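Coordinates in review
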Amino acid sequence: GSLEVIDLEKGDRVKRVTGLHEPQGVAFVPATKQVIVACGGDGTVRAFDSVTLEAMQKVTVGEDADNLRIDADGKTIVVGHSSGALTLLDAVTLRQTGEVTLSGHPESFQLEPGTSRIFVNVPDAVVVADRSTHTVSAVWKLGEQSRNFPMALDEANTRLYVGCRRPARLLVLDTDSGKTIA
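Below is a summary of the structure that appears in this document. The shown structure was predicted, so the numbers you read here are calculated from the model rather than taken from an experiment. (Residues numbered from 1 in each chain as written. Predicted model: local features only at pLDDT ≥ 70, side-chain atom pairs only at ≥ 80, totals over all residues. Heavy atoms only, no water.)

Turning our attention to the pattern of salt bridges. On inspection of all chains with the given rule, the structure shows seven salt bridges. Several salt bridges share partner residues, and in doing so they unite Glu4, Arg13 and Arg16 into one network. (Salt bridge = Lys/Arg side-chain N within 4 Å of Asp/Glu carboxyl O.)

Across soluble globular proteins, you tend to see nonpolar side chains buried next to one another. With 14 residues, the main nonpolar core has Ile36, Leu68, Ile77, Val79 and Leu89 as its most contacted residues. When contributions to this core are tallied by element, the ones reaching two or more residues are β3 (23–29), β4 (34–39), β5 (44–49) and β8 (76–81). Listed in part, the 13 residues of the second largest apolar core include Leu88, Leu102, Val122 and Ala125. (Core = buried A, V, L, I, M, F, W, Y, C linked by side-chain atoms within 4.5 Å. Buried < 20%, exposed > 50% of the residue type's maximum accessible area, 1.4 Å probe, protein only. Helix = DSSP H or I, 4+ residues; strand = E, 2+ residues; numbered from the N terminus.)

Regular strands show a simple pattern: their side chains alternate between the two faces of the sheet. With five bridges connecting them, strand β1 (residues 3–7) and strand β2 (residues 12–17) associate as antiparallel partners. Looking at β2, one finds that Asp7 is bridged to Asp12. Adjacent in sequence and paired antiparallel, β1 and β2 are bridged by four residues, among which Gly11 carries a positive phi angle near 75°. (Pairing = 2+ DSSP bridges.)

Within the secondary structure, Leu53 is located in the loop between β5 and β6 (55–60). Leu53 sits 48 residues away from Val5 along the chain, and the two C-alpha atoms are 9.4 Å apart. When residues no more than four places from it in sequence are discounted, the contact partners of Leu53 are Leu3, Val5, Lys15, Arg16, Val17 and Phe48. (Contact = heavy atoms within 4.5 Å.)

Turning next to the sheet that holds strand β16 (residues 159–166). One open sheet holds the three strands; their spatial order is β15-β16-β17, and the pairing between them is antiparallel. Looking at which strands have only one partner, the edges of the open sheet turn out to be β15 (146–154) and β17 (168–174). The sheet shows a mean angle of 25° between the axes of neighbouring strands, taken without regard to direction. Two strands pair when backbone bridges link them, and β16 and β17 are joined in this way by seven bridges, in the antiparallel orientation. Bridge assignment links Cys164 to a residue of β17, and that residue is Arg169. (Axes fitted to C-alpha atoms, helices over the stretch in contact; angles between N-to-C directions.)

This is the structure:
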């Protein structure tokens, strides 16, 4: 129920924001000098001043607001929630600028910096969405693998790493074709 600020050199907590409902994703927006927090318990995204931690803004995006990412240009926040969607927010105003409807609850997702693609883990598949058109361009089924939660993107080598719990495997996908290569 809190956001903690830790002094890494001393290992001490220096600030704390309480009263948050299941904080999940946390990101820093350099342009606005704000810390953004997605709260799963009440479906909100909240902005705090990064120095004072004073609450600045709040918007409701949907149940179980979870992972969030900041676009490479620093202007867009993307947040996943259990309404089966990714919501795009303006990083300055937190106003909704778009939404991508998915086939299920998004777990981890990665924004490809050199393009407008978003790779999203949904149950038993990876969805490729476009953050400029707010559409789904591909769905890559994972075969017998499921419970795919963690994900990492290696844009330079066109590789997407997807961790699956059933069975326990790390899949390596080609980001151009969606084929499992390892």
